[in-house]
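Chain residues, written in single-letter form:
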Amino acid sequence: MKTRTAMKTITTHYVDGEFVESHGREVMEIISPTDGQVIGRVTLGDEEDARRAIAAAKHAFSTYGRSTTEERAKLLRRLHEAASARIEDLTAVMVEEYGGVVQFARLIVESGVNAFAAAEQALKEIPWTRRWDKTTVTLEPVGVAGLITAWNANALFICLKLASAVAAGCTVVIKPSEMSSLQTRILVEALHEAGLPKGVLNVVTGLGTTVAAELVRNPDVNKISFTGSVAVGENIMRDGAATMKRVTLELGGKSPTVLLDDAALDKAIPSALVMAFMNSGQACAAGTRLLVPKSRLDEVKNAICQAMHAFTVGDPADPKTGVGPMVSQKQYDRVQSYIRKGIDEGAEVLVGGEGRPQGFEAGYFVKPTVFVNVTNDMTIAREEIFGPVLSVIAYDSENEAIRIANDSKYGLHAAVLGTDLARARRVASQLRAGRVVINNMTDDPQAPWGGFKYSGVGREYGRYGIEAFLEPKAVLE
Ligand code: NAD
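Let me begin by describing the structure that accompanies this report. (Residues numbered from 1 in each chain as written. Predicted model: local features only at pLDDT ≥ 70, side-chain atom pairs only at ≥ 80, totals over all residues. Heavy atoms only, no water.)

1. Some points on the sheet that holds strand E20 (residues 435-438)
Consider a sheet: its strands pair through backbone hydrogen bonds, and that pairing is either parallel or antiparallel.
Phase 1 of the analysis: Strand order across the open sheet formed by seven strands is E15-E16-E17-E14-E13-E19-E20, with mixed pairing between neighbours. Edge positions in the sheet fall to strand E15 (348-351) and E20, since each has one partner strand and no second. Averaged over all adjacent pairs, the angle separating strand axes in this sheet is 25°, with direction ignored.
Phase 2 of the analysis: As judged from the three bridges shared by strand E13 (residues 256-259) and strand E14 (residues 289-293), these two strands associate in the parallel manner. Each residue of the ladder has a partner; that of Val258, found in E14, is Leu291.
Phase 3 of the analysis: Contacting E13, E14, E15, strand E16 (369-372) and strand E17 (389-395), helix H10 (residues 297-307) crosses the sheet at an angle of about 50° to E15.
Phase 4 of the analysis: In this fold helix H11 (residues 329-344) packs onto E15, E16 and E17, with an angle of close to 20° to the strand it touches most, E16. (Pairing = 2+ DSSP bridges. Helix = DSSP H or I, 4+ residues; strand = E, 2+ residues; numbered from the N terminus. Axes fitted to C-alpha atoms, helices over the stretch in contact; angles between N-to-C directions. Contact = heavy atoms within 4.5 Å.)

2. Quick word on the nonpolar core
Phase 1 of the analysis: Membership of the largest hydrophobic core comes to 76 residues, with the highest contact counts inside it found for Leu76, Leu79, Phe116, Leu191, Leu201 and Ile466.
Phase 2 of the analysis: Here this core gets twelve residues from one element, more than from any other, and that element is helix H5 (residues 154-168).
Phase 3 of the analysis: Not counting the four nearest positions on each side in its chain, Leu79 is found in contact with Phe116, Leu162, Val166, Leu191, Ala194 and Leu196. (Core = buried A, V, L, I, M, F, W, Y, C linked by side-chain atoms within 4.5 Å. Buried < 20%, exposed > 50% of the residue type's maximum accessible area, 1.4 Å probe, protein only.)

3. Focus on empty space enclosed by the protein
Phase 1 of the analysis: Under the definition given, this model contains four cavities of 30 Å³ or more.
Phase 2 of the analysis: What the largest cavity holds in volume is close to 90 Å³.
Phase 3 of the analysis: Lining the largest cavity, in full, are Ile10, Thr12, His13, Tyr14, Phe19, Ser181, Thr184, Arg185, Val188, Val203 and Thr205.
Phase 4 of the analysis: Only strand E2 (12-15) and helix H6 (181-192) provide two or more residues apiece to the lining of the largest cavity.
Phase 5 of the analysis: The dominant element in the lining of the largest cavity, judged by the number of residues it contributes, is H6, at four residues.
Phase 6 of the analysis: There is about 70 Å³ of room inside the second largest cavity.
Phase 7 of the analysis: A breakdown of the residues in the lining of the second largest cavity according to their chemical character gives seven nonpolar, six polar and three charged. (1 Å grid on protein atoms, 1.4 Å probe; cavity = no way out; pocket = protein on both sides within 12 Å on 5 of 7 lines; lining within 4 Å. Points joined across faces, edges and corners; volume = space filled by probe spheres on them. Nonpolar A, V, L, I, M, F, W, Y, C, P; charged D, E, K, R; others polar.)

4. Comments concerning the packing of aromatic side chains
Phase 1 of the analysis: Applying the stated criterion across every chain yields a total of six aromatic pairs.
Phase 2 of the analysis: With a centroid separation of 5.5 Å and 65° between ring planes, the pair formed by Phe277 and Phe311 is classed as edge-to-face. Here Phe277, found in helix H9 (residues 265-277), pairs with Phe311, found in the loop between H10 and H11; they are 34 residues apart in sequence, far enough to count as distant. Phe311 carries the same exposure label as Phe277, and that label is buried.
Phase 3 of the analysis: Ring centres of Phe360 and Phe365 lie 4.8 Å apart, and the angle between their planes is 50°; on these two criteria the pair is classed as tilted.
Phase 4 of the analysis: With relative accessibility at 1%, the residue Phe365 sits in the buried group.
Phase 5 of the analysis: The cationic tip of Arg435 hangs over the ring face of Tyr461; the distance from NZ or CZ to the ring centre is 5.2 Å. (Phe/Tyr/Trp six-rings, centres within 6.5 Å; stacked < 30°, edge-to-face > 60°. Lys NZ or Arg CZ within 6 Å of the ring centre and 35° of its normal.)

5. A closer look at the layout of surface pockets
Phase 1 of the analysis: Put simply, the largest pocket is a space of about 1,300 Å³.
Phase 2 of the analysis: As for the largest pocket, its lining consists of 45 residues, of which Trp151, Glu178, Met179, Ser229 and Lys330 are closest to the centre.
Phase 3 of the analysis: Looking at the lining of the largest pocket, the elements with two or more residues in it are strand E4 (27-31), helix H7 (208-217), strand E11 (223-227), helix H8 (230-240) and H11.
Phase 4 of the analysis: Of the residues that constitute the lining of the largest pocket, the class distribution is 22 nonpolar, 13 polar and ten charged.
Phase 5 of the analysis: Taken as a whole, the second largest pocket holds about 1,000 Å³ of empty space.
Phase 6 of the analysis: When contributions to the lining of the second largest pocket are tallied by element, the ones reaching two or more residues are helix H4 (102-123), H5 and H9.

6. A word on H4
Phase 1 of the analysis: Helix length check: H4, at 22 residues, gives a terminal C-alpha distance of 32 Å against a target of 32 Å (1.5 Å per residue), a fit within 8%.
Phase 2 of the analysis: Along its length, H4 reaches its greatest deviation from straightness, about 30°, at Ala115. (Expected span 1.5 Å × (residues − 1). Bend = angle between axes of the 7 residues up to and from the residue.)

7. Observations regarding the site of the ligand
Phase 1 of the analysis: Looking at the ligand, there are 26 residues lining it, with Thr149, Lys175, Glu178, Ser229 and Glu384 nearest.
Phase 2 of the analysis: Taking Lys175, its side chain carries an N or O atom lying 2.7 Å from an oxygen atom of the ligand.
Phase 3 of the analysis: Separating an oxygen atom of the ligand from a side-chain N or O atom of Ser229 is a distance of 2.6 Å.
Phase 4 of the analysis: Protein chains shield 86% of the accessible area of the ligand, which is 850 Å² for the free molecule.
Phase 5 of the analysis: In this structure the site holding the ligand corresponds to the largest pocket.
Phase 6 of the analysis: Broken down by secondary-structure element, the contributors of at least two residues to the shell around the ligand are H7, E11 and H8.
Phase 7 of the analysis: For the shell around the ligand, the residue count by class is 13 nonpolar, nine polar and four charged. (Near = heavy atom within 4 Å. Polar contact = N/O pair within 3.5 Å; in protein donor to acceptor, adjacent residues only side chain to side chain. Areas by Shrake-Rupley, 256 points an atom, 1.4 Å probe, with all protein chains shown as cover. Sits in = over half its atoms within 2 Å of the grid points.)

Here is the structure:
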């Protein structure tokens, strides 16, 4: 694995257009998931840092909230240019800080950078003003927005939420994941170069229970856009109610991949495994339940064993690596406990299993694991594991496949794999998920992203993402 660069120390936040020393004094170590070594230290902000950032955003909103869509489009273009210039650095730091596999880390960074261009395009499609008779309806920015992100694609979430907020005319205070401090620092340095009006963008790194809780509580914050776990999402909805916060919540998933009986396994199985193991399984949209017709189960098992060779565990910086380490000891323990539970509840390990893969004793590496003989009531089929663990569940009929797919508290993402497209579309139309992909993991920055049921509230991306930061206002003569 690569030799280590110098220890990094971060002591500042970004408030009112400049990097300022933290008021909070607590220091957190940044640990490399690849070998468990300390690679940096970050000084965490506190409630006072959050309040200073909120005050700056509130002040800036008094002018930026009245900006024209042309002015906002220009800023989005500058943000796009500024972030584009640091794609290499952002990719490298994701690999270093959370052990993201380089191929996937780059895709995440690129889609983050593209979010600014996509928002500029979407801006043009929004009906900002509508008039009839003596009524005029305008779409107004909701105000100061608190943006709270998860660690697993922190740069993407920051860019996506910031792009939508800037397009809507909102000012923001970002509370990035505390586990993404190195990534955030490089991204904010890049965004600083875009020269936004002072106070439009503010970033305070700290813990959820201090900095983010202040954003949720503070009456000067009008909206929270959150990406993270269901448990924290529930807190935000409850605590935000006291100040009538608008909320967008992007939460977890237990996404089904429905393999139809006419699927070509040489393509479908690699595709299903990519969906299960993307970002080393640490992805909200990971297709972690593979629903397979009973009649083809043996063939599927063989195809999985063969296709697993592409998902080798290794150094995340190596482009040939398919699965990197888990982000932390906690995440490693969590994955191990689910693998244990799967075995205890009677599922059969087809590939992988408990413990570290041979030769990877230092970091938080786990074995990519596929369980067969899983029923949809088992814990490994119901709960989000957030690691490379796939549950194969057999079904008898198409209707049963749809029933099992929808039998989940989640509804973020789903996939249908099959040769007859009309049939695949028919099945897709019956799945209760915010997004369904047919035959491949694919993306469209203008298509909405978000979940049914416990997977969240509201949508991001393109026009839908911008609308989440707007309020309609009617003037009647
Ligand atoms: P998490 O909920 O632990 O943390 C997310 C953010 O919330 C962090 O910035 C954290 O500091 C903050 N936070 C923690 N406690 C808080 C509190 N009491 N009040 C306010 N904020 C608080 O989640 P995580 O471990 O960072 O991310 C993994 C989770 O995120 C998974 O469940 C995953 O599915 C979900 N996720 C969802 C999407 C999506 O688009 N739907 C995308 C990525 C991740």
